[in-house]
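Chains, contacts and geometry: an overview
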Amino acid sequence: MAQPADIIAELQKWSSCDVADGLSKLKHPSGGFLEGLTMYSPVFQAGPTKIIGQAFTVKFVPKADESAPRLKGNYVDQIPKGAVVFISQPAPHVNAVYGGLMSLRAQALGAAGVVIDGRLRDLQEHRDLGFPMFAKGVGTTAGGEVCRPSEINVPVKLASTIQDVTIQPGDYIIADLDGVVCLPSALAEKCLAAIPAIAGADERCAKAIKEGMSVEEAFKTYRSK
């Protein structure tokens, strides 16, 4: 079994779309795509930014939930080097659960970036750091009055009405201009094995189309095999 560092190194060769294609080939739902998440930093939906790393999950709960576990220490101080922090915010997503001071610490610890299933704030501060941020949205008001971090490195469900997806700690997160993909750790090697043939077929299609071949013929010739 390949080590996580080797898998991450191989994933660096591919885009989120490539990984989604590989997962789709394996019949994984939605190709691992997590709907509703957008790149906000270092710029909004532009440029070559790509983050890849294992998920360090952070589960927030409503502040009124007294039965939920209480986290010891601050989750930001516990981020492993190279991790992608995946924050799960309870609905409604009105307040923001992540701000500029958090990115200062996350960047210092070597986090690859942060994905928030909810809202962030202090957007310019993240951009000034050049720190990659993906989220459902941006807001102004801190989350402390309505929610709190409860657990780290536990499974978290994507807040979605159209997808039933659980992000597991250690899953591989690939995020770029096209969106965010969650690659289950158990499928990582099979996915990486599937990608080159798919990407190669697309390269041959592109070459043929540039040379005048119709899309229909190119797909029939190169994608149907």
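Just above, that's the structure.
One structure accompanies this document, and this report is about it. Just so you know, the residues in each chain are numbered from 1, in the order the chain's sequence is written. Note on the predicted model: pLDDT of at least 70 is required for a residue's local features to be given, and 80 or more for side-chain atom pairs to be given and counted; whole-chain, interface and lining totals, by contrast, use all residues. The basis for every side-chain value is the complete set of non-hydrogen atoms in the structure, without hydrogens or water.

1. A word on helix 3 (residues 100-108)
Rules: Buried residues are those whose accessible area, probed at 1.4 Å on protein chains only, stays under 20% of the maximum for their type, while exposed residues exceed 50% and partly exposed ones sit between those limits. Note on conventions: DSSP H or I runs of at least 4 residues are helices, E runs of at least 2 residues are strands, and numbering of each starts at the N terminus. Summarising the geometry, the arc corresponds to the directions from the helix axis toward the C-beta atoms. Here, residues are in contact when the closest pair of their heavy atoms is within 4.5 Å.
All buried positions along helix 3 are accounted for by Gly100, Ser103 and Ala106. Mapping the buried residues of helix 3 onto a view down its axis gives an arc of 115°, with all of them on the same face. Among the exposed residues of helix 3, those oriented more than 90 degrees off its buried face are Leu101 and Ala108. Where helix 3 is buried, its residues touch helix 4 (123-129) and strand 6 (133-138). A positive phi of about 90° marks Gly110, the residue just after helix 3.

2. Examining the packing of aromatic side chains
Rules: Within 6.5 Å between ring centres, the rings of Phe, Tyr and Trp (the latter by its six-membered ring) count as paired, and their orientation is classed by plane angle as stacked under 30 degrees, edge-to-face over 60, tilted in between.
Enumeration over the complete set of coordinates arrives at two aromatic pairs. Ring centres 5.4 Å apart and planes at 50° place the aromatic pair Tyr40 and Phe44 in the tilted group. You can call Phe44 partly exposed: its relative accessible area is 46%. Taking the centre distance of 6.0 Å and the plane angle of 75° together, the rings of Phe60 and Tyr75 count as edge-to-face.

3. Let's talk about the environment of Gly130
Along the chain, Gly130 turns up in the loop between helix 4 and strand 6. The spatial distance from the C-alpha of Gly130 to the C-alpha of Pro42 is 4.8 Å, given a sequence separation of 88 residues.

4. Some details on the side chain of Gln89
Under the convention used in this document: Definition of a polar contact: a pair of N or O atoms within 3.5 Å, with one able to donate and the other able to accept a hydrogen when the atoms are protein atoms, and with sequence-neighbouring residues admitted only if both atoms are side-chain atoms.
Within the fold, Gln89 resides in the loop between strand 4 (84-88) and helix 3. A distance of 2.8 Å separates a polar atom in the side chain of Gln89 from the backbone oxygen of Asn95. At 2.9 Å, the side chain of Gln89 and the backbone nitrogen of Arg119 are in polar contact. Once you skip the residues sitting within four places of it in the chain, Gln89 turns out to touch Phe60, Val94, Asn95, Val97, Asp117, Gly118 and Arg119.

5. Observations concerning the pairing of strand 10 (residues 172-176)
Here is the rule we go by: When DSSP locates at least two bridges between a pair of strands, those strands are taken to pair.
Burial runs high along strand 10: five of the five residues are buried. For strand 3 (residues 51-62) and strand 10, the ladder comprises four bridges, and the chain directions are antiparallel. Within strand 10, the position partnered with Ile52 by the bridge is Ile174. Bridging between strand 10 and strand 11 (residues 179-183) involves five bridges; their strand directions are antiparallel. Bridge pairing links Ala175 to Val180 in strand 11.

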